[in-house]
Structure formats: structure tokens, C-alpha cells
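Tertiary structure, described
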Amino acid sequence: MSHGIERVGVVGGGQMGAGIAEVCARSGLDTVLCEVDAVAARAARERISASLDRAVRRGKLGRPAADDALTRIVCTGSLTDLADRQLVVEAVVENQDAKTEVFAALDKIVEDPSAVLATNTSSLPVMRLGRATGRADRVIGLHFFNPVPVLPLVEVVTSLHTSAPTVAAAEDFVTRTLGKSVIRSQDRAGFVVNALLIPYVLAAVRMAESGFATAADIDAGMEQGCAHPMGPLKLADLIGLDTVAAIAESLYDEFREPLYAPPPLLQRMVEAGLLGRRTGRGFHRYDDA
């Protein structure tokens, strides 16, 4: 079925949504990215253009291919422009109410009853989002990783309602069309990667919070002592501390394990708007934000 998917929609134009739209366009697909309004849509297009420019500068992509990819993307402020899409990926803020609202709207707007409706959620139950529609069998989790144009993995998450043809179509689309790798997960909070990653990140936050070691030393320890490409607090800053906190809350809500509970320091930083790289300050400072 995925060989017939030529028209893709993405809802949300932040880091993840813009990245998903970019890789779809670079794979030759007719791509529509929807944001909350025209201003946000223009910002999303600029974000994608800047990412393509970086790929060209780094020798990862030729200028003609970058220009061609950008021509394949339409950025809009109206969900109704997704009516003819064969696959739509939701990539809005990691909040169940916001995501549920998107899926309820897509159910009314997307005309093809066989279209795949996917969520890029990091931790929320796919089944709950599917039940906001009248086609829960066509709803699946496709969890991409940041930065989407660089990282090769997608988690495929199936709910109890997701049909076998939907799984096959989604996996084939990810592997054959986008050229990415797939791992499969049951519909449990955090899926595979974040269920392993977030307790590690939270342990680093607690270490910094207690004064046991500085953020710089914690990250240096894992980078230079364990050969990790990025320390846990730098990684938290890259993900976004608000997203880390949201994933931790989802994990704690489901499992009630203390290791999943977001530490007070993390919650205060989110409240203060110190969200990491994209705001210029998190556990580290960033002059290029």
C-alpha cells in the first residue's frame, strides 16, 4: 500500500514536524505541513529551508536536491488543506488534549477512509488518540527522533485497535519510502527508547539538583568515560526540557515508579521557560539559539 502513498500531511511545524516534512519532501513526496496560522506556517517553512541549507553546507545534500525538496512542501494554516492526504503525521505539543483535538479534526477532514493517521508522540497512548476518531484501526504511532533528517530510527507503535494492513503500510512507508529503520513497540508509555532513556536523564538531573556534580562534569563523565556522543543533560537540552518533563509525567502516570517522577529542578526550569537549546538556556547556555 505504501507504494501508493504520494500525498503526505504533517500537523505541527516545530523541530519534529518540520523535520518529518523535510524527510518526506526529500523522498519525493507531495507534502503539506499545517500550523496554527499563516504566520506559524511561514516560520515552519523558514525552519525547513534553514535545515536544507545546513545539509547542503555539510555536503549531505546537493543544492538542486534541496531546492527540489522545498518546492514539494506547502505550508498552510488550515487543517482542511489535508483533506486529500493519504498519510497524516501529527507532531504537535506533547499534550494529550491537544493531540486528541487534532485527531478528532483529522477524522472529519481526511476524506480517504483508508488513509493512515499517525502520531509522533513520545509517550502518550496511541489507543487514546485513535479513539478520538471513527477509524481507530487506521491510527498508529510513528515516533521519529530529533534531528529527523539525521537520525535513522522510527518507532512503530500499535494500539489494540491498529489493523495489520495499517502496520504493514506504515512500516513499508518508513523503510522503503523514507529509507529509515524500524523498531516495534507495544502501546505503553515511553515505548522502547524513552522508557530506557528518560530514567537515565532524570538520574542526571537529580545528580545536578543535589549538587553532587556540575552539569558540565556530568556530561563530560558520560561522553569521555562511557563514549556517549552527548551527555544526558546536553541531550535533555536538545530534546527540550518541557518534552522531557512531559514524557516523565506520562511514564510516572502509567507505572507509578519513583524513577520516572520528574525532579523539582526540572519542573522549575520548565516553569521558568528555560527549555534548553531552542530557548538559549537549559542545563547549559547556547549562543546560537
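Residues numbered from 1 in each chain as written. Predicted model: local features only at pLDDT ≥ 70, side-chain atom pairs only at ≥ 80, totals over all residues. Heavy atoms only, no water.

**What about the overall build of the protein chain?**
Tallying secondary structure elements over the protein chain gives 11 helices and eight strands in all. What you see for the protein chain is a C-alpha radius of gyration of 19 Å, in line with the 19 Å of a compact globule of 289 residues. Taken along its principal axes, the extent of the C-alpha atoms in the protein chain is 55 × 45 × 35 Å. A separation threshold of at least 6 residues defines the contact pool for the protein chain, and within that pool the share at least 24 residues apart is 67%. With an accessible surface of roughly 13300 Å², the protein chain has 52% of that area assigned to carbon and sulfur atoms. Each charge class in the protein chain can be summarised by its mean position, and for the 30 positive and 36 negative side chains these summaries are 3 Å apart. (Helix = DSSP H or I, 4+ residues; strand = E, 2+ residues; numbered from the N terminus. Rg over C-alpha atoms; globule rule 2.2 N^0.38 Å. Contact = heavy atoms within 4.5 Å. Areas by Shrake-Rupley, 256 points an atom, 1.4 Å probe, with all protein chains shown as cover. Lys, Arg positive; Asp, Glu negative; His and termini not counted. Charge placed at Lys NZ, Arg CZ, Asp CG, Glu CD.)

**A word on the pattern of salt bridges**
In this structure the tally under the stated criterion is 15 salt bridges. Across the pair Arg85 and Asp30 runs a salt bridge whose closest N-O atoms are separated by 3.3 Å. Here Arg85, found in the loop between strand S3 (73–76) and strand S4 (87–90), pairs with Asp30, found in strand S2 (residues 30–34); they are 55 residues apart in sequence, far enough to count as distant. Where Arg135 meets Asp107, a salt bridge forms, and the shortest distance between an N and an O atom there is 2.9 Å. Of this pair, Arg135 sits in the loop between helix H5 (126–130) and strand S6 (139–144) while Asp107 sits in helix H4 (residues 96–109), and the two are 28 residues apart along the sequence. One continuous salt-bridge network, built from bridges that share partners, spans Arg7, Asp30, Asp84 and Arg85. (Salt bridge = Lys/Arg side-chain N within 4 Å of Asp/Glu carboxyl O.)

**Things to note about the side chain of Gln86**
Examined against the element boundaries, Gln86 turns out to sit in the loop between S3 and S4. Judged by relative accessible area, Gln86 falls into the buried class, the value being 15%. A polar side-chain atom of Gln86 sits 2.7 Å from the main-chain amide nitrogen of Glu6. (Buried < 20%, exposed > 50% of the residue type's maximum accessible area, 1.4 Å probe, protein only. Polar contact = N/O pair within 3.5 Å; in protein donor to acceptor, adjacent residues only side chain to side chain.)

**With respect to the environment of Asn95**
Mapped onto the elements, Asn95 comes out in the loop between S4 and H4. Sequence separation between Asn95 and Glu155 is 60 residues; the distance between their C-alpha atoms is 19 Å.

**Considering the packing of aromatic side chains**
Centre-to-centre distance and the angle between the planes together describe a pair of aromatic rings. In total, this model carries one aromatic pair according to the counting rule given. Geometrically, the ring pair formed by Phe255 and Tyr260 is tilted, given 5.7 Å between the ring centres and 40° between the ring planes. (Phe/Tyr/Trp six-rings, centres within 6.5 Å; stacked < 30°, edge-to-face > 60°.)

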